[in-house]
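Observations on the model geometry
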Amino acid sequence: MLTKKSPKIYFEKTGNGKPLILLHGNKEDHHIFDGVIPLLENDFTVYAVDSRCHGESESVKEIHYSDMADDILNLIEEEELESPYFYGFSDGGIVGLMCAVKKENAFSKLAVSGANITVSGLKPQVLSGMRLSAFFSRDNRTKMMTREPCISPYLLGLIKCETLVTAGEFDIVREKETRLIADSIENSRLMIIKGKNHGNYVTDSEFLAKMLKDFFTEK
(Lines give C-alpha, C1' and ligand atoms only; values in the text may rest on other atoms or scores of the structure.)
Protein backbone atom coordinates (compact mmCIF):
# COMPACT_ATOMS: atom_id res chain seq x y z
CA MET A 1 0.00 0.00 0.00
CA LEU A 2 1.05 3.61 -0.58
CA THR A 3 0.27 6.76 1.35
CA LYS A 4 -1.61 9.41 -0.62
CA LYS A 5 0.75 12.25 0.14
CA SER A 6 3.92 12.96 -1.83
CA PRO A 7 6.41 11.40 -1.62
CA LYS A 8 4.49 8.15 -1.73
CA ILE A 9 5.45 5.89 1.17
CA TYR A 10 5.09 2.13 0.75
CA PHE A 11 4.03 -0.12 3.60
CA GLU A 12 2.70 -3.62 4.12
CA LYS A 13 -0.04 -4.27 6.65
CA THR A 14 -0.64 -7.64 8.25
CA GLY A 15 -1.97 -9.20 11.45
CA ASN A 16 -4.50 -8.34 14.12
CA GLY A 17 -4.44 -6.26 17.26
CA LYS A 18 -3.07 -2.88 18.26
CA PRO A 19 -1.07 -1.24 15.45
CA LEU A 20 2.72 -1.61 15.52
CA ILE A 21 4.86 0.33 13.04
CA LEU A 22 8.25 -1.16 12.12
CA LEU A 23 10.90 1.02 10.47
CA HIS A 24 14.24 -0.19 9.09
CA GLY A 25 17.69 1.40 8.97
CA ASN A 26 19.67 3.22 6.29
CA LYS A 27 19.84 1.46 2.87
CA GLU A 28 17.47 -1.26 4.06
CA ASP A 29 13.75 -1.76 3.54
CA HIS A 30 10.83 -3.47 5.25
CA HIS A 31 12.17 -6.91 4.30
CA ILE A 32 14.63 -6.77 7.21
CA PHE A 33 11.57 -7.63 9.33
CA ASP A 34 10.36 -10.55 7.19
CA GLY A 35 11.40 -13.05 9.85
CA VAL A 36 9.91 -11.25 12.83
CA ILE A 37 6.54 -10.24 11.34
CA PRO A 38 5.07 -13.78 11.43
CA LEU A 39 6.01 -13.89 15.13
CA LEU A 40 4.21 -10.60 15.82
CA GLU A 41 1.13 -10.65 13.61
CA ASN A 42 -1.03 -12.66 16.01
CA ASP A 43 -0.60 -9.95 18.65
CA PHE A 44 -0.37 -6.76 16.56
CA THR A 45 -1.49 -5.23 13.30
CA VAL A 46 1.97 -4.74 11.85
CA TYR A 47 2.79 -1.86 9.50
CA ALA A 48 6.17 -2.57 7.87
CA VAL A 49 7.25 0.66 6.19
CA ASP A 50 9.82 1.63 3.56
CA SER A 51 11.33 5.05 4.30
CA ARG A 52 11.47 7.60 1.48
CA CYS A 53 14.34 6.83 -0.93
CA HIS A 54 14.27 3.20 0.23
CA GLY A 55 12.61 0.05 -1.03
CA GLU A 56 9.35 0.67 -2.87
CA SER A 57 8.79 4.18 -1.51
CA GLU A 58 9.26 7.20 -3.71
CA SER A 59 12.71 8.78 -3.99
CA VAL A 60 13.28 12.51 -3.63
CA LYS A 61 16.23 14.81 -4.30
CA GLU A 62 17.06 15.43 -0.65
CA ILE A 63 16.56 13.26 2.38
CA HIS A 64 16.38 14.42 5.99
CA TYR A 65 15.34 12.70 9.20
CA SER A 66 12.78 15.40 9.96
CA ASP A 67 11.00 14.76 6.65
CA MET A 68 11.10 11.01 7.27
CA ALA A 69 9.42 11.62 10.62
CA ASP A 70 6.72 13.64 8.87
CA ASP A 71 6.15 10.69 6.53
CA ILE A 72 5.42 8.42 9.51
CA LEU A 73 3.12 11.00 11.11
CA ASN A 74 1.28 11.33 7.78
CA LEU A 75 0.88 7.55 7.59
CA ILE A 76 -0.57 7.50 11.10
CA GLU A 77 -3.04 10.21 10.12
CA GLU A 78 -4.07 8.59 6.83
CA GLU A 79 -4.53 5.15 8.38
CA GLU A 80 -6.33 6.71 11.35
CA LEU A 81 -4.12 4.91 13.84
CA GLU A 82 -4.75 5.81 17.46
CA SER A 83 -1.51 6.00 19.44
CA PRO A 84 0.22 3.05 17.76
CA TYR A 85 3.32 1.28 19.01
CA PHE A 86 6.54 2.05 17.11
CA TYR A 87 9.79 0.17 16.70
CA GLY A 88 12.71 1.64 14.77
CA PHE A 89 16.15 0.22 14.06
CA SER A 90 19.13 2.56 13.51
CA ASP A 91 17.83 5.34 11.22
CA GLY A 92 14.35 4.05 11.97
CA GLY A 93 15.02 4.67 15.66
CA ILE A 94 16.12 8.24 14.95
CA VAL A 95 12.91 8.80 13.01
CA GLY A 96 10.86 7.37 15.88
CA LEU A 97 12.48 9.72 18.37
CA MET A 98 11.82 12.69 16.08
CA CYS A 99 8.17 11.70 15.65
CA ALA A 100 7.72 11.55 19.41
CA VAL A 101 9.35 14.97 19.75
CA LYS A 102 7.21 16.49 17.01
CA LYS A 103 3.90 15.10 18.29
CA GLU A 104 3.41 14.37 21.98
CA ASN A 105 0.86 11.57 21.57
CA ALA A 106 2.24 10.06 18.38
CA PHE A 107 2.87 6.69 20.03
CA SER A 108 1.57 4.91 23.09
CA LYS A 109 4.95 3.15 23.39
CA LEU A 110 8.23 3.63 21.53
CA ALA A 111 11.19 1.28 21.11
CA VAL A 112 14.45 2.20 19.36
CA SER A 113 17.58 0.16 18.67
CA GLY A 114 21.01 1.48 17.70
CA ALA A 115 19.89 5.10 17.37
CA ASN A 116 22.07 8.18 17.72
CA ILE A 117 21.01 11.78 18.30
CA THR A 118 24.19 13.46 17.03
CA VAL A 119 26.75 12.63 14.37
CA SER A 120 29.42 12.53 17.07
CA GLY A 121 27.38 9.82 18.77
CA LEU A 122 28.78 7.40 16.19
CA LYS A 123 32.15 5.80 16.89
CA PRO A 124 34.95 7.76 15.13
CA GLN A 125 36.05 4.96 12.81
CA VAL A 126 32.46 4.37 11.73
CA LEU A 127 31.88 8.04 10.98
CA SER A 128 35.14 8.25 9.02
CA GLY A 129 34.06 5.29 6.90
CA MET A 130 30.67 6.87 6.26
CA ARG A 131 32.25 10.15 5.17
CA LEU A 132 34.57 8.33 2.78
CA SER A 133 31.67 6.34 1.37
CA ALA A 134 29.54 9.46 0.96
CA PHE A 135 32.35 11.24 -0.90
CA PHE A 136 32.83 8.47 -3.45
CA SER A 137 29.24 7.24 -3.80
CA ARG A 138 27.47 10.63 -3.70
CA ASP A 139 24.62 8.74 -2.05
CA ASN A 140 22.36 11.22 -0.26
CA ARG A 141 21.30 8.56 2.25
CA THR A 142 24.90 8.09 3.37
CA LYS A 143 25.54 11.83 3.28
CA MET A 144 22.60 12.39 5.62
CA MET A 145 24.19 10.15 8.26
CA THR A 146 27.35 12.29 8.21
CA ARG A 147 25.40 15.52 8.80
CA GLU A 148 22.37 14.56 10.88
CA PRO A 149 20.64 14.12 13.28
CA CYS A 150 20.89 16.90 15.82
CA ILE A 151 18.45 16.14 18.62
CA SER A 152 19.16 17.75 21.96
CA PRO A 153 18.57 16.12 25.35
CA TYR A 154 16.06 18.93 25.98
CA LEU A 155 13.99 17.81 22.99
CA LEU A 156 14.16 14.19 24.13
CA GLY A 157 12.79 15.40 27.44
CA LEU A 158 9.57 16.31 25.63
CA ILE A 159 8.90 12.62 24.93
CA LYS A 160 6.25 11.40 27.36
CA CYS A 161 5.48 7.89 26.15
CA GLU A 162 7.13 4.84 27.66
CA THR A 163 10.33 4.21 25.68
CA LEU A 164 12.71 1.27 25.34
CA VAL A 165 16.24 2.21 24.27
CA THR A 166 18.52 -0.62 23.17
CA ALA A 167 21.97 -1.08 21.66
CA GLY A 168 24.45 -3.89 21.24
CA GLU A 169 27.51 -4.09 23.46
CA PHE A 170 29.63 -3.63 20.30
CA ASP A 171 27.33 -1.18 18.54
CA ILE A 172 28.49 1.44 16.02
CA VAL A 173 26.87 3.98 18.35
CA ARG A 174 28.87 5.05 21.40
CA GLU A 175 27.45 3.57 24.58
CA LYS A 176 27.44 6.98 26.25
CA GLU A 177 25.17 8.23 23.44
CA THR A 178 22.72 5.39 24.01
CA ARG A 179 22.76 6.07 27.74
CA LEU A 180 22.22 9.81 27.12
CA ILE A 181 19.12 9.03 25.05
CA ALA A 182 17.67 6.87 27.81
CA ASP A 183 18.62 9.32 30.56
CA SER A 184 16.98 12.21 28.69
CA ILE A 185 13.59 10.51 28.34
CA GLU A 186 11.78 10.46 31.66
CA ASN A 187 9.76 7.30 31.16
CA SER A 188 12.43 5.10 29.61
CA ARG A 189 14.40 1.94 30.19
CA LEU A 190 17.82 1.01 28.81
CA MET A 191 19.00 -2.33 27.47
CA ILE A 192 22.65 -2.84 26.42
CA ILE A 193 22.66 -6.31 24.90
CA LYS A 194 25.81 -8.25 25.77
CA GLY A 195 27.85 -9.79 22.98
CA LYS A 196 25.79 -8.13 20.21
CA ASN A 197 26.76 -5.57 17.59
CA HIS A 198 24.68 -2.91 15.84
CA GLY A 199 22.20 -5.18 14.15
CA ASN A 200 22.67 -8.89 14.72
CA TYR A 201 20.11 -9.03 17.52
CA VAL A 202 17.63 -7.19 15.27
CA THR A 203 17.93 -9.82 12.55
CA ASP A 204 17.57 -12.54 15.20
CA SER A 205 13.80 -12.76 14.73
CA GLU A 206 12.99 -14.80 17.82
CA PHE A 207 15.03 -12.54 20.10
CA LEU A 208 13.54 -9.38 18.59
CA ALA A 209 9.98 -10.70 18.70
CA LYS A 210 10.27 -11.60 22.37
CA MET A 211 11.86 -8.24 23.22
CA LEU A 212 9.10 -6.32 21.46
CA LYS A 213 6.25 -8.46 22.76
CA ASP A 214 7.52 -8.21 26.33
CA PHE A 215 7.79 -4.44 26.11
CA PHE A 216 4.66 -3.58 24.15
CA THR A 217 2.29 -5.95 25.97
CA GLU A 218 3.54 -5.16 29.48
CA LYS A 219 0.90 -3.37 31.53
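Residues numbered from 1 in each chain as written. Predicted model: local features only at pLDDT ≥ 70, side-chain atom pairs only at ≥ 80, totals over all residues. Heavy atoms only, no water.

**Section: the environment of S90**
Convention followed: Where helices and strands are cited, they refer to DSSP runs of H or I of at least four residues and of E of at least two residues respectively, numbered from the N terminus.
Relative to the helices and strands, S90 is located in the loop between β4 (85-89) and α3 (91-102). Along the sequence, S90 and V112 sit 22 residues apart, while their C-alpha atoms lie 7.5 Å from each other.

**A short note on α3**
Put simply, the test is: Expected helix span is given by 1.5 Å per residue-to-residue step, counting one fewer step than there are residues. For every residue, the accessible area obtained with a 1.4 Å probe (protein chains only) is divided by the maximum for its type, and the residue is called buried under 20%, exposed over 50%, and partly exposed between those limits.
When the terminal C-alpha atoms of α3 are compared, their 16 Å separation across twelve residues agrees well with the 16 Å that a helix rising 1.5 Å per residue should span. For α3, a buried count of ten out of twelve residues is recorded, marking the element as mostly surrounded by other parts of the structure. Looking at α3, one finds that the buried residues are D91, G92, G93, I94, V95, G96, L97, M98, C99 and A100.

**Observations regarding the sheet that holds strand β1 (residues 11-15)**
What holds strands together in a sheet is hydrogen bonding between their backbones, with the strands either parallel or antiparallel. The criterion, for reference: One requirement defines pairing of two strands: DSSP has to find at least two bridges between them. Every axis in this analysis is a line fitted to C-alpha atoms, fitted for helices over the stretch in contact. Angles between the N-to-C directions lie between 0 and 180 degrees. Residues count as neighbours in contact if any of their non-hydrogen atoms are within 4.5 Å of one another.
Read across the open sheet, the seven strands follow the order β1-β3-β2-β4-β5-β6-β7; overall the sheet is mixed. In this open sheet, the two edge strands, each paired with only one partner strand, are β1 and β7 (188-197). Strand-to-strand, the axes of this sheet are offset by a mean angle of 15 degrees, without reference to chain direction. Sheet contacts for helix α8 (residues 205-217): β2 (18-23), β3 (44-49), β4, β5 (109-113), β6 (162-170) and β7; angle to β5, the most-contacted strand, approximately 150 degrees.

**Here we look at the layout of surface pockets**
Basically, it comes down to this: In the cavity and pocket records, a cavity denotes points on a 1 Å grid over the protein atoms alone where a 1.4 Å probe fits but cannot get out, a pocket denotes an open set with protein on both sides within 12 Å along at least 5 of 7 lines, and lining residues are residues with an atom within 4 Å of a point. Grid points are joined across faces, edges and corners, and a volume is the space filled by probe spheres set on the points. Under the scheme applied, nonpolar residues are Ala, Val, Leu, Ile, Met, Phe, Trp, Tyr, Cys and Pro; charged residues are Asp, Glu, Lys and Arg; polar residues are all the others, including Gly.
Estimates place the volume of the largest pocket at around 160 Å³. Every residue lining the largest pocket is counted, 18 residues in all, and those nearest its centre are S90, D91, M145, I172 and H198. Class assignment for the residues of the lining of the largest pocket results in nine nonpolar, six polar and three charged.

**Observations regarding the packing of aromatic side chains**
Definition in use: Pairing of aromatic side chains requires ring centres within 6.5 Å, counting the rings of Phe and Tyr and the six-membered ring of Trp. Pairs whose planes differ by under 30 degrees are stacked, by over 60 edge-to-face, and all others tilted. Criterion for a charge above a ring: Arg CZ or Lys NZ at most 6 Å from the ring centre, at most 35 degrees from the ring normal.
Tallied over the entire structure, the rule returns nine aromatic pairs. Seen in terms of ring centroids, F33 and Y87 are 6.2 Å apart; in terms of plane orientation they differ by 75 degrees. Their pairing is edge-to-face. Linking F33 in the loop between β2 and α1 (37-40) with Y87 in strand β4, this pair joins segments that are 54 residues apart in sequence. Like Y87, F33 is buried. Among the aromatic residues, ring-to-ring pairing joins F44, Y85, F215 and F216 into one connected group. Lying over the aromatic face of Y85, K18 brings its terminal NZ or CZ to 5.2 Å of the ring centre. Over the ring of F135 we find R138; its NZ or CZ atom is 4.9 Å from the centre of that ring.

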